[in-house]
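Close look at the chain arrangement
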Amino acid sequence: MEKSEILKIIGQNIKRIRIEKGLTQVDLVGKIEARIDTTNISRIEKGRTNATIHTLFRISQALQVPLSEICNLDN
């Protein structure tokens, strides 16, 4: 699997979970316990940036899901 495809799937997972929880990107940023902005969340969701594992962990905590759910590549 290509790197770009992995990034896109992870981004789609984050976006799907965020929307299921009724959160906007701004809401999500407000829940993340780290310095991150909405433009970075947007790039992650679109698969345009390679987020660090720490950032993905912080996003999973903010969304209240296991990191494995965000990193699930079996879509």
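It should be noted that the structure appears before, not after, this text.
In this text, all values refer to a predicted model and were calculated from it rather than measured experimentally. (Residues numbered from 1 in each chain as written. Predicted model: local features only at pLDDT ≥ 70, side-chain atom pairs only at ≥ 80, totals over all residues. Heavy atoms only, no water.)

1. Some remarks on the pattern of salt bridges
- According to the stated counting rule, one finds two salt bridges in the structure shown.
- For the salt bridge of R16 with E20, the shortest nitrogen-to-oxygen distance reads 3.5 Å. One end of the pair is R16 and the other is E20, both in helix α1 (residues 3–20) and four residues apart, which spans about a single turn.
- Judged by relative accessible area, R16 falls into the partly exposed class, the value being 35%.
- Look at E20 and you get exposed, because its relative accessible area is 57%.
- R18 is the salt-bridge partner of E45, the closest N and O atoms lying 2.6 Å from each other. (Salt bridge = Lys/Arg side-chain N within 4 Å of Asp/Glu carboxyl O. Helix = DSSP H or I, 4+ residues; strand = E, 2+ residues; numbered from the N terminus. Buried < 20%, exposed > 50% of the residue type's maximum accessible area, 1.4 Å probe, protein only.)

2. Side note on helix α4 (residues 53–63)
- For α4, every residue scored as buried is listed here: L56, I59, S60, A62 and L63. Seen from one end, α4 has its buried residues packed into an arc of 160°, which puts them on one side.
- Considering only its buried residues, α4 is in contact with α1, α2 (25–31), α3 (38–45) and α5 (67–70).
- Following α4 by one or two positions, Q64 has its phi on the positive side, about 60°. (Arc of directions from axis to C-beta. Contact = heavy atoms within 4.5 Å.)

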